[in-house]
2 protein chains.
Amino acid sequence: MLTLHRLCIHTMTTKPWPLREAIDGYVRAGVPGITVWRQHLEGVGLDEAAKMLRDSELRVVSLCRGGFFPGVTIAKRQFAIDDNKRAIDEARAIGAPLVVLVCGAVPHMPLAEARNQILHGISSIVDHAAQAQVKLAIEPLHPMYADTRSAVNTMEQANNMLAALQSPWVGITVDVYHVWWDPYLQNEIQRAGKSIFSFHVCDWRDPTRDLLNDRGLMGEGCINVPQIRKWIEDAGFDGPIEVEIFSDEHWAGDQAEYLEKIKVAYLKHS
Amino acid sequence: MLTLHRLCIHTMTTKPWPLREAIDGYVRAGVPGITVWRQHLEGVGLDEAAKMLRDSELRVVSLCRGGFFPGVTIAKRQFAIDDNKRAIDEARAIGAPLVVLVCGAVPHMPLAEARNQILHGISSIVDHAAQAQVKLAIEPLHPMYADTRSAVNTMEQANNMLAALQSPWVGITVDVYHVWWDPYLQNEIQRAGKSIFSFHVCDWRDPTRDLLNDRGLMGEGCINVPQIRKWIEDAGFDGPIEVEIFSDEHWAGDQAEYLEKIKVAYLKHS
């Protein structure tokens, strides 16, 4: 039986709210956890954001997002590495123990080459992460994002990367939206075991009307979230359940009312 | 070096054209092959359509589409089986040696169960296909269609079905749009070998603006079509190259001019 104590909400889920309003809104609604997107740090100032989060006593679950390692030039790849180090520093500053990596892809670059560049990118930042005591999580993205967002499109590929990197600082984020269709999902969750560092939930609307911003609340689509959660928990995960929903429809409404719907959907369908 | 003699166009690619105009347009443009969608047969009458196609001397490559086997009731599944037998009869009538199967999926039905129902559905029509001398091709669909269109989302799953069905009348349609992202694509194409019955091309636009109707002309996106074609030909395929593009943008223009663009894209980027 789920209770609210494992609930975490991404600031992108309530995108219209600046960080201040998100923090206040979550506290008011009794949501204990927050995952902060970097765009919600912009304009606030890192020290101020850190103070706001500390004072709120919200549990900062992770910072979204690092990654985007592949690039057609060495300069672009180095820029990505430097930016990921900054993301790690930001995570440390706001008390987030984890940076989620959307690993990146470049149109026309062979996906295998992109994965090589991703491996190189992560291995270039892992010492920085260890020093900062901030973990990194590879998030496999749905194959429909293989053009520009990530060349890591299955749990198996993420697990293979962990095997290559062999670092306790690198794990996996499982997001049901990206992996629900995968016939090897249960096996690869077992294989990942304790390397599953975080867990994102939402739903796949049928039909889905937009490639990016039509995710559903849990229960609004066809993903069996409780089944996937069970597999993850059988593999040893007992951390926060993070609601990450990109939705033009939900963003257009009142965000405080939306939070209440999220709580109901979380309790009923996660 | 490609020449036009392998070019085939789907009537859905020039969707605004009724069958009569499509046939005339393809003949006028020197396109030798046609794949007929069932919706373009509606209202024409099967005998009349067959006569038009025969008189045109176009090569009828396949009929699209059968499939959609899974259903929540036995009655729905039986309806699908009967409808697929009708599709086979229609293919035979118009001289199409192949029916392409979009296998189907039902929201909330576990994908493994849907695949079982698909296997049962295909095995229920394979004798009918053999009697009609019409082949069947399982087309793996992109994972973004796993909610309502197909529970067969990879070449591996299609190959596994062939292994289970063990019929020379059942093979695979490879459509670059659906499989380009798959890390096991080359291996599974090799495994399929001569069971590859047909080959569909288009491109994945980056960004893609719609889940259904924003496919690109070859060269308008990020798929390495020549690479995939080489793999398929290395596996033994030397049949038609079928241009299947669903595109609100391209449908909105003059279809005769569009045909000329298709020919250029086919020669340059397939």
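Residues numbered from 1 in each chain as written. Chains lettered and ligands numbered in written order. Predicted model: local features only at pLDDT ≥ 70, side-chain atom pairs only at ≥ 80, totals over all residues.

### Remarks on the overall build of chain A
- Looking only at helices and strands, chain A has 10 helices and eight strands in total.
- Taking 270 residues into account, the globule formula puts the C-alpha radius of gyration at 18 Å, and chain A, at 17 Å, falls close to it.
- C-alpha atoms of chain A, sized along the principal axes, occupy 45 × 45 × 35 Å.
- When each of the 270 residues of chain A is scored for burial, the buried share is 52%.
- A sequence separation of at least 24 residues applies to 78% of the contacts in chain A between residues at least 6 apart. (Helix = DSSP H or I, 4+ residues; strand = E, 2+ residues; numbered from the N terminus. Rg over C-alpha atoms; globule rule 2.2 N^0.38 Å. Buried ≥ 20, exposed ≤ 12 C-beta atoms within 10 Å, placed from the backbone. Contact = placed C-beta atoms within 7 Å.)

### Things to note about the packing of helix α2 (residues 46-56) of chain B against helix α3 (residues 74-94) of chain B
Residues and elements named next belong to chain B.
- For the pair α2 and α3, the least separation of the axes is 8 Å and the interaxial angle reads 40 degrees. With respect to each other, α2 and α3 are oriented oblique. On α3, the residues that touch L46, A49, A50 and L53 of α2 are E90, A93 and I94.
- Across the contact of α2 with α3, the residue classes tally to six nonpolar, no polar and one charged. (Axes fitted to C-alpha atoms, helices over the stretch in contact; angles between N-to-C directions. Parallel < 35°, antiparallel > 145°, perpendicular 65-115°, else oblique. Nonpolar A, V, L, I, M, F, W, Y, C, P; charged D, E, K, R; others polar.)

### Topic: the sheet that holds strand β6 (residues 170-175) of chain B
Residues and elements named next belong to chain B.
- What the eight strands build is a closed barrel, ordered β1-β2-β3-β4-β5-β6-β7-β8; its pairing is parallel. Shown here is a sheet whose adjacent strand axes are inclined to one another by a mean of 30 degrees, direction ignored.
- With five bridges connecting them, strand β2 (residues 33-37) and strand β3 (residues 59-67) associate as parallel partners. Bridge pairing links V36 to L63 in β3. (Pairing = 2+ DSSP bridges.)

### Some points on the relation of the copies chain B and chain A
- Superposition of chain B onto chain A requires a rotation of 180 degrees combined with a translation of 0.0 Å along the rotation axis, giving an RMSD of 0.0 Å. Here the symmetry operator amounts to a two-fold rotation axis.
- The fraction of interface residues of chain B whose copies in chain A are also interface residues reaches 100%, indicating that both copies meet through the same surface. (Least-squares fit on C-alpha atoms with pLDDT ≥ 70 in both.)

### Details of the sheet that holds strand β2 (residues 33-37) of chain A
Residue and element names in this part refer to chain A.
- If you walk around this closed barrel you meet the eight strands as β1-β2-β3-β4-β5-β6-β7-β8, and the pairing is parallel. Across this sheet, the average inter-strand angle for adjacent strands is 30 degrees, counted without regard to direction.
- Bridge count for strand β6 (residues 170-175) against strand β7 (residues 196-201) is four bridges, and the pairing is parallel. Within β7, the position partnered with T173 by the bridge is S198.

### Quick word on the environment of W169 of chain B
Residue and element names in this part refer to chain B.
- With respect to the secondary-structure elements, W169 resides in the loop between α5 (155-165) and β6.
- Overall, the presence of 21 C-beta atoms within 10 Å leaves W169 in the buried class.
- C-alpha separation for the pair W169 and L58, spaced 111 residues apart in sequence, amounts to 23 Å.

### Structural notes on the interface of chain B and chain A
- Taken residue by residue, the interface counts 19 residues in chain B and 19 residues in chain A.
- When its residues are assigned to classes, the side of chain B that touches chain A shows 11 nonpolar, six polar and two charged.

### Description of the pairing of strand β1 (residues 7-10) of chain A
Residues and elements named next belong to chain A.
- Burial of β1 is two-sided: the residues L7 and I9 facing one way and the residues C8 and H10 facing the other way are all buried.
- As defined by bridge partners, β1 adjoins strand β8 (residues 241-243) across three bridges and the pair is classed as parallel. Counted as the bridge partner of L7 is I241 from β8.
- Summarising the sheet, β1 and β2 pair through three bridges and their orientation is parallel. Bridge assignment links I9 to a residue of β2, and that residue is I34.

### Section: α5 of chain B
Residue and element names in this part refer to chain B.
- Within the span of α5, buried status applies to M155, A158, N159 and M161. Buried residues of α5, viewed axially, fall in a sector of 155 degrees; they line one side.
- Downstream of α5 by a residue or two, Q166 has a phi angle that is positive, lying close to 50 degrees. (Arc of directions from axis to C-beta.)

From the geometry alone we can't say anything about function, so treat these as descriptive.
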